[in-house]
Structures are given as structure tokens and as C-alpha cells.
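As a plain string of letters, each chain reads:
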Amino acid sequence: MKSFLHKKGVTLSPRVYLIDGLSYMALGLFSSLIIGLIIKTVGDQLGWTWFTEMGVLAMGLMGPAIGAAVAYGLKAPPLVLFATVIAGAAGAQLGGPAGSFIAALFATEIGKIVSKETKVDILVTPFVTILVGFFVATFIGPPINYGMTSLGSVIMWATEQQPIIMGVLVAVLMGWALTAPISSAAIAFMLGLEGIAAGAATIGCAAQMVGFAVSSYRENKVSGLLAIGIGTSMLQVPNIIRNPWIIIPPTIAGIVFAPIGTTIFNMTNVKEGAGMGTSGFVGQIMTFASMGFSVSVLLKVLLLHIIGPAVVSLAISEWMRKKSYIKDGDMKINIGG
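Residues numbered from 1 in each chain as written. Predicted model: local features only at pLDDT ≥ 70, side-chain atom pairs only at ≥ 80, totals over all residues. Heavy atoms only, no water.

To continue, consider helix H16 (residues 295-322). Here H16 is 28 residues long and its end C-alpha atoms lie 38 Å apart, about the 40 Å a rise of 1.5 Å per residue gives. Most pronounced at Leu303, the bend in H16 amounts to some 45 degrees. Downstream of H16 by one or two residues, Ser324 has phi in the positive range, about 70 degrees. (Helix = DSSP H or I, 4+ residues; strand = E, 2+ residues; numbered from the N terminus. Expected span 1.5 Å × (residues − 1). Bend = angle between axes of the 7 residues up to and from the residue.)

Printed below as a string of C-alpha cells:
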């Protein structure tokens, strides 16, 4: 059985499903709902009706996009990939984003097992893939989605009750999730994080990206500053494994500014931007969507998402370099492909 599953590309690996699967789910989210929300927001603000309509259309196709992204990430053959689009749509309709992910996951793996095993593959493979996806969406998706959103509600409630402690906790954990090879964007969206909890998550994620970008500038220069600062701090994962001390400066930056955001400035966000940090400035765009755009909000975003984390991370990292906790080259990244 193991050899058969291996031949079919079915690993049964939690790592593959929770890291690769969620990462590709995030790409599906970004390619549909998140970019659609950005387009719709631009259309609404500028009065461009056709932009608004385009954004609404993209947002409505979240489920199919998640299905296609998960199937692609799990290296599904063509018939399975195309049929998983339907599974993802069913999951989104019946079980929300978490249901879409789970339905796409099961549909892809079972579809891969039956793929090319019969002489009528063109009928059997898409039928089984869609059947499995719809079954999972119907019976498994809703309770999983309920559990995720309930957990998200508890986190949001706890953050409102204890904005300092929970603000720090949310910022640190979501920031680490963003830097680790798992998707903080997918986690935030499945949890349905909103309000000040989402604001704290954004600060923590931004601190990781901006913090690593600035503190590693001497090794990576402008190209690294941009790749990490508006791309992903995940580029530092190999270096963190070699020297875990390097994650301290951006983490402390998140700890410093998250409670300021949850108490003094009352920073909020929506689930689409909570786990994005400064990646493509989506976290900042969605903050404006949540809080409205004004000079006051812009200054808060610049201070808590960019300038503050940059200054704190650089100061701490330079001190750690003097104390030899961080050595030259420890944060060098490879962005040459």
C-alpha cells in the first residue's frame, strides 16, 4: 500500500498538508478574495463601478481558487486539479474557508489515488474527486469551520478583555507563523480574526518582516530589504534554524508595539489583512479598509507597522551583534534563485 500511495504522490504527511497545503491555500485566497477586496475598495473609493464589480466577482470565487491552489500545491494531475475547483467551491459554500481547504485536501488526495486506474479515467477521476469534495464539504466542513471561527471569537473576546497580554500573545504567535513555513494569512482568515485582535496580528506580522529586513540590511542590502520587507520574512527560516537568536529583535518589536496598538491607538483590521504583515502592503491597505483612510490613521500605521519595528529591531540587533549573539553573515539570504 505504501508503495502504491508513493507512486500516486499521496504522502499522508501532516507537514505537507499543514505547510504546503496552507501555503497554497493562502495563494488561492490572495488571488481571489484578498485582491478582489482591494480592487473593490479602490472602486468604491474612486467611484469606479466596473472596478467594484470586478472586485466582487473575484471575492465570490474564493472557493474555486482555494480548490485549484490546494490541488496544484499537492501536485494533482490535470483532471483532479480541475475537478477540485468544484470541491473547493462546495467547501466554501457549505463550510467557509476552512471547509474549502479540507474539502479540497481530501478531494485532491482521493482523486490522485483513482487517477488513471481505469479505462474511463475521464469520467471516473472527476466524478470521484467531486463526490469526495462534496461529501467532505457537507459533513466535515461545517463543524471544522464552526470550530475555527469559535476559536477566533474566543481570541477576539480575550483580546478585548486583556488587550495588553493577549495583544502581545497574538502578535508574537501570528508573527512567528508568518515567518515560519506556514501561512499566517490562511490561519487569520480561517479563524476569522477581526477588530483589535486582527490589529495586533498585523503589528506582529509587520514587525517580523520590517524587523528582519532592517536588521539584515548590512548582509542583504536593498534587494534583501525589499524581498523581506514587502515580500516575506520566511526567507530567513534557514538562518533562524542555524542561529535562533536572530528572531529575537523582530519579536521584541512586536511585543513592544502590539499593546500600544491594542490600547492607546485602538488599531483594528479585517481577517483578509490580519496575517499579511507588510507583504505587498496588504496589511496596511486592509487596515485602511477597517479604520478608514485619514492622516491620523496613516501616521499610526507608519509608526506601528513600519518605523517603530524598524527602529527597535535595528537597535536590538546591533546590540546583539556587539555581544556576538549575532555574527556577520548570520542573516544573509539567497535571493538569486
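Moving on to the side chain of Thr108. Here Thr108 is to be found in helix H5 (residues 78-114). Overall, the relative accessible area of 0% leaves Thr108 in the buried class. A polar atom in the side chain of Thr108 sits 2.7 Å from the backbone oxygen of Ala104. (Buried < 20%, exposed > 50% of the residue type's maximum accessible area, 1.4 Å probe, protein only. Polar contact = N/O pair within 3.5 Å; in protein donor to acceptor, adjacent residues only side chain to side chain.)

The next point concerns the packing of aromatic side chains. As enumerated under the stated definition, the model contains seven aromatic pairs in all. A centroid spacing of 4.9 Å and a plane angle of 45 degrees characterise the contact between Phe135 and Phe139, whose relative ring orientation is tilted. Remark: Phe139 and Phe135 occur in helix H6 (residues 121-139); sequence separation between them is four residues, near one turn of the helix. Each ring, one from Trp245 and one from Tyr325, has its centre 4.8 Å from the other, and the planes form 45 degrees; the classification is tilted. One end of the pair, Trp245, is in the loop between helix H12 (237-242) and helix H13 (248-264); the other, Tyr325, is in the segment after H16, and 80 residues separate them in sequence. Aromatic rings pair up to connect Trp48, Trp50 and Phe51 into one cluster. (Phe/Tyr/Trp six-rings, centres within 6.5 Å; stacked < 30°, edge-to-face > 60°.)

So, on to the environment of Phe101. Within the fold, Phe101 resides in helix H5. Assessed through its relative accessible area of 5%, Phe101 is described here as buried. On a C-alpha basis, the gap between Phe101 and Ala207 in space is 28 Å, while along the polypeptide they are 106 residues apart. Those residues within four positions of Phe101 in sequence are excluded, and the remaining contacts are Tyr17, Gly21, Leu22, Met25, Ile66 and Val70. (Contact = heavy atoms within 4.5 Å.)

Here H13 contains 17 residues, and its C-alpha end-to-end distance of 24 Å stays within 8% of the 24 Å for a straight helix at 1.5 Å per residue. Taken as a whole, H13 has its buried residues at Pro249, Pro250, Thr251, Ala253, Gly254, Phe257, Ala258, Pro259, Gly261 and Thr262. Packing partners of the buried residues in H13 comprise helix H7 (141-161), helix H8 (163-179), helix H10 (195-215) and H16. Backbone geometry just after H13 places Asn266 at a positive phi near 50 degrees.

This part takes up the pattern of salt bridges. On inspection of all chains with the given rule, the structure shows ten salt bridges. Across the pair Glu117 and Lys8 runs a salt bridge, and its minimum N-O distance is 2.7 Å. Linking Glu117 in the loop between H5 and H6 with Lys8 in helix H1 (residues 2-8), this pair joins segments that are 109 residues apart in sequence. Looking at Glu117, the relative accessible area reads 41%, which means it is partly exposed. On the accessibility criterion, Lys8 (15% relative accessible area) is buried. Put simply, Asp44 and Lys40 hold a salt bridge, and the shortest N to O gap is 2.9 Å. Placement of both Asp44 and Lys40 in helix H2 (residues 14-46) is noted, with a separation of four residues, approximately one turn of the helix. Overall, Asp44 belongs to the partly exposed group, its relative accessible area being 41%. Classification of Lys40 as partly exposed rests on a relative accessible area of 25%. Through salt bridges with shared partners, a single network forms among Arg218, Glu219, Glu318, Arg321 and Asp328. (Salt bridge = Lys/Arg side-chain N within 4 Å of Asp/Glu carboxyl O.)

These results come straight from atomic positions and should not be treated as a statement about function.
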